[in-house]
Amino acid sequence: MPKILIMSDSHGLTEEVAEIKKRHHGEIDQYIHCGDSELDADAGELEEFMKVAGNCDIDPRLPEEVDFSVSGTHFYVAHGHLHRVKSTLMPLSYRADEQGAQVVCFGHTHIAGAERVENKLFINPGSIMLPRGRAEKTYAILSWEEKSDVMVEFKDINGETVEGMTYKTALK
């Protein structure tokens, strides 16, 4: 069962990022940071992460977007500030279509959530520093047995599942 850990908007936190990574070591197939880490691209805490630049990141080595596949599932990752995600997901969705993505990971809004729109699963893991919309500081874990049985589970900064925030869907 592939498992993907997704976080965003950690805004300079190092111990917390390292602790989350350590907590899930050995069970995660891919780590993703959706930007605004405010860390250098080669920071030890971000080792093993697919990572992108957010509007608060200053390291020019961080790409604006990445796309890749895990176990036959295509991912597109961007922070979202260049796609106006605070008002609409349409520009992000169009870019994900151009990349052929099935899963779209983004941050910027600090609002945790997951939803399937048409043939794409959008995941915003929230923020482990400054959450909006709820009190819990969150990150997400995406897993699937089959593409007909996909789950996004939101965790608080202590690794506990956030009640009412598990999302189940299917991918094509």
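Note that the structure is a prediction, hence the values are computed from the model and not measured.

(A) Spotlight on the overall build of the protein. Within the protein, the secondary structure is distributed over two helices and 11 strands. When the elements of the protein are put in sequence order from the N terminus, they spell out β-α-β-β-β-β-α-β-β-β-β-β-β. The C-alpha atoms of the protein give 14 Å as radius of gyration, which agrees with the globular expectation for 172 residues (16 Å, within 12%). Dimensions of the protein, computed from C-alpha atoms along their principal axes, come out at roughly 35 × 30 × 30 Å.

(B) Broad picture of unusual backbone geometry. You will see that D9, though not glycine, has its phi angle at about 50 degrees, which is positive. Assignment of secondary structure puts D9 in the loop between β1 (3-7) and α1 (15-23). On the accessibility criterion, D9 (0% relative accessible area) is buried. Of note in the backbone geometry, D36 takes a positive phi value of approximately 60 degrees without being a glycine. Topologically, D36 is positioned in the loop between β2 (30-33) and β3 (49-51).

(C) Summary view of the nonpolar core. One finds I6, I32, F75 and L142 to be the most contacted residues of the largest nonpolar core, which totals 24 residues. For this core, the secondary structure elements donating two or more residues are β1, β4 (65-70), β5 (73-78), β6 (103-105), β8 (120-124), β9 (138-144) and β10 (150-156). Not counting chain neighbours up to four residues away, the residues in contact with I6 comprise I32, C34, C105, I123, P125, Y139, A140 and L142. In terms of nonpolar packing, the next biggest core, distinct from the first, is built from 14 residues, M7, L13, I128 and Y139 among them.

(D) Spotlight on the sheet that holds β1. What the six strands build is an open sheet, ordered β3-β2-β1-β9-β10-β11; its pairing is mixed. Looking at the sheet topology across the chains shown, the edges are occupied by β3 and β11 (167-169). Each neighbouring strand pair of the sheet contributes to a mean axis angle of 20 degrees, computed without reference to strand direction. Sheet topology note: the β1/β2 ladder contains four bridges and is parallel.

(E) Up close: the pairing of β1. Across the five residues that make up β1, a large majority, four, are buried. Where β1 meets β9, four bridges bridge the pair, whose relative direction is antiparallel. Following the sheet pairing, K3 is matched in β9 by S143. Since β1 and β2 lie parallel, the crossover through α1 that links them has a hand, and here it is right-handed.

(F) Spatial organisation of the state of the cysteines. Tallied over the entire structure, the rule returns zero disulfides. The thiol of C56 is not disulfide-bonded; the next cysteine sulfur, from C34, is found 15 Å away. A relative accessible area of 34% places C56 in the partly exposed class. No disulfide involves C105; its nearest neighbouring cysteine sulfur is the one of C34, lying 5.2 Å away.

(G) Representation of the pattern of salt bridges. One pass over the structure, following the stated rule, counts eight salt bridges. Of the charged contacts, one joins K3 and E27 as a salt bridge, the two residues approaching to 3.8 Å between their closest N and O atoms. Here E27 lies in the loop between α1 and β2 and K3 lies in strand β1, a separation of 24 residues in the sequence. Residue classification places K3 among the partly exposed positions, given a relative accessible area of 25%. A salt bridge links D42 to R61, with the shortest nitrogen-to-oxygen separation between them at 3.4 Å. Here R61 lies in the loop between β3 and β4 and D42 lies in the loop between β2 and β3, a separation of 19 residues in the sequence. Residues joined in a network through salt bridges with shared partners are D42, D59 and R61.

About the thresholds
- Residues numbered from 1 in each chain as written.
- Predicted model: local features only at pLDDT ≥ 70, side-chain atom pairs only at ≥ 80, totals over all residues.
- Heavy atoms only, no water.
- Helix = DSSP H or I, 4+ residues; strand = E, 2+ residues; numbered from the N terminus.
- Rg over C-alpha atoms; globule rule 2.2 N^0.38 Å.
- Buried < 20%, exposed > 50% of the residue type's maximum accessible area, 1.4 Å probe, protein only.
- Core = buried A, V, L, I, M, F, W, Y, C linked by side-chain atoms within 4.5 Å.
- Contact = heavy atoms within 4.5 Å.
- Pairing = 2+ DSSP bridges.
- Axes fitted to C-alpha atoms, helices over the stretch in contact; angles between N-to-C directions.
- Right-handed = clockwise from strand over helix to strand, strands pointing away.
- Disulfide = S-S within 2.5 Å.
- Salt bridge = Lys/Arg side-chain N within 4 Å of Asp/Glu carboxyl O.

These values are about where atoms sit, not about what they do.
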